[in-house]
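Architecture and fold: a report
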Amino acid sequence: MAGEKVHLTREKETLLITVYGKALESRRPDSLLQDRFADEAVRRIDYDFARLKVDDNLAVSLAIRAKALDDWTSAFLAMHPNAIVLHLGCGLDTRVFRIDPPPGVDWFDVDYPEVIELRRKLFPPRDHTHLIASSVTEPGWLDAVPGNRPAMIVAEGLTPYLAADEGPKLFARLVSHLAGGELVCDAYSDLGLKFVRSSPTFRATGAELHWAINDPRELEQAAPGLRLVEETSAYKPEHAARVSWFAGLIFRLWSHIPALRKVGRLLRFQF
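The following paragraphs examine the structure supplied in this document. (Residues numbered from 1 in each chain as written. Predicted model: local features only at pLDDT ≥ 70, side-chain atom pairs only at ≥ 80, totals over all residues. Heavy atoms only, no water.)

What follows covers the nonpolar core. In terms of nonpolar packing, the biggest core is built from 40 residues, with Leu 16, Ile 45, Phe 49, Leu 77 and Leu 92 touching the most fellow members. Sorting elements by how many residues they give to this core places helix H1 (residues 10–26) first, with 7 residues. Leave out the neighbours within four places in its chain, and Leu 77 touches Ala 83, Val 85, Ile 99, Pro 101, Val 105 and Trp 107. By size, the runner-up hydrophobic cluster in this structure holds 32 residues, among which are Ile 84, Val 136, Leu 142 and Val 145. (Core = buried A, V, L, I, M, F, W, Y, C linked by side-chain atoms within 4.5 Å. Buried < 20%, exposed > 50% of the residue type's maximum accessible area, 1.4 Å probe, protein only. Helix = DSSP H or I, 4+ residues; strand = E, 2+ residues; numbered from the N terminus. Contact = heavy atoms within 4.5 Å.)

Spelled out as structure tokens, the structure:
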């Protein structure tokens, strides 16, 4: 059977990095994600993934980040089984399948129309899962989202691609529209964006990065009601055993050098 051809460029093409990395990690016997849906999707896509130069270290790193956000999301849904989830810039991530939320949860996957079209071809439909074909920075898509239920907002691998003036505005619109809940995301400092830009994997897509979050508390002022409750390094020393010795050394250094601790972080806000 012929695979699904993809014609994504620049920022949109980077979603292939993440789904491929998660698929590779899920083939490991000690996989964190055990993401068979990502693996099956990659096998169905007609694309030369070798050009992205995704190695084991990157695959494991992507899985570590995803697992942390999965855990935060699952914990929120355990407390709020009638919640909504907004999965912003969802790409081809299979979080809704990994978490398998209870039937009282309405899940909204939001991304560009061509990405949503690809999702429809690759993944089976689910009850209470809604696909919204829009740029996350377009305000109109929020009209389809109920504002009177607890909300979990997940933005994985999204913030660097937003314009520096659009990111805070997006967060402010979300907080204003929704009754309350949590927002979780990854964030990169200026130094972190330099590291990502220098990566051969990233350069292969021709994408551009814009928004560095050096001080996450500045978002509290940009989006009144947003409150930072947890900030953690994306990669911790205990993860070192899952990667090469050199990558493991970097993980350990990040925990001891302040500038490196801020390179890549996971943030959890309440509102």
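Think of an α-helix as turning once every 3.6 residues; residues three or four places apart then point the same way. What helix H2 (residues 36–44) keeps buried is the set Phe 37, Ala 38, Asp 39, Ala 41 and Val 42. Those residues of H2 that are buried lie in contact with H1, strand S2 (45–46), helix H4 (95–99) and helix H5 (113–122).

The strands that make up a sheet pair up through hydrogen bonds in the backbone, lying either parallel or antiparallel. Across the sheet, 7 strands lie side by side as S5-S4-S3-S6-S7-S9-S8; this open sheet has mixed pairing. Of all the strands in the sheet, the pair left with one neighbour each is strand S5 (129–133) and strand S8 (227–233). For this sheet the average axis-to-axis angle between neighbouring strands, irrespective of direction, equals 15°. As paired strands, S8 and strand S9 (residues 264–270) are joined by 6 bridges and run antiparallel to one another. (Pairing = 2+ DSSP bridges. Axes fitted to C-alpha atoms, helices over the stretch in contact; angles between N-to-C directions.)

Before going further, it helps to examine the packing of aromatic side chains. As enumerated under the stated definition, the model contains 6 aromatic pairs in all. Judged by centre distance (4.3 Å) and plane angle (20°), the ring pair of Phe 37 and Phe 97 falls under stacked. Taken together, the residues span a long stretch of sequence, with Phe 37 in helix H2 and Phe 97 in helix H4 at a distance of 60 residues. With respect to burial, Phe 37 and Phe 97 carry one shared label: buried. Residue placement shows Lys 12 over the ring face of Tyr 112; its charged tip is 4.2 Å from the ring centre. Its guanidinium or amino end placed over the ring of Phe 37, Arg 36 lies 4.2 Å from that ring's centre, counting from NZ or CZ. (Phe/Tyr/Trp six-rings, centres within 6.5 Å; stacked < 30°, edge-to-face > 60°. Lys NZ or Arg CZ within 6 Å of the ring centre and 35° of its normal.)

This paragraph deals with unusual backbone geometry. The backbone phi angle of Lys 53 is positive, close to 55°, even though this residue is not glycine. Here Lys 53 lies in the loop between S2 and helix H3 (56–79). By relative accessible area, Lys 53 is classed as exposed at 53%.

This next bit is on the pattern of salt bridges. Under the definition given, this model contains 27 salt bridges. One salt bridge in this structure joins Glu 231 and Arg 265, with 3.0 Å as the shortest N-O distance. Residue Glu 231 is located in strand S8, and its partner Arg 265 is located in strand S9; the two are separated by 34 residues in the primary sequence. Under the relative-accessibility criterion, Glu 231 is labelled partly exposed at 39%. Through salt bridges with shared partners, a single network forms among Lys 22, Asp 35, Arg 65, Asp 70, Asp 93, Arg 95, Arg 98, Glu 156 and Asp 186. (Salt bridge = Lys/Arg side-chain N within 4 Å of Asp/Glu carboxyl O.)

What follows covers the layout of surface pockets. Taken as a whole, the second largest pocket encloses approximately 180 Å³ of empty space. Lining the second largest pocket, in full, are Val 96, Phe 97, Asp 109, Arg 119, Arg 120, Phe 123, Pro 124, Pro 125, Arg 126, Thr 129 and Leu 131. Listed by contribution, the elements that provide at least two residues to the lining of the second largest pocket are H4, H5 and S5. By residue class, the composition of the lining of the second largest pocket is 6 nonpolar, 1 polar and 4 charged. (1 Å grid on protein atoms, 1.4 Å probe; cavity = no way out; pocket = protein on both sides within 12 Å on 5 of 7 lines; lining within 4 Å. Points joined across faces, edges and corners; volume = space filled by probe spheres on them. Nonpolar A, V, L, I, M, F, W, Y, C, P; charged D, E, K, R; others polar.)

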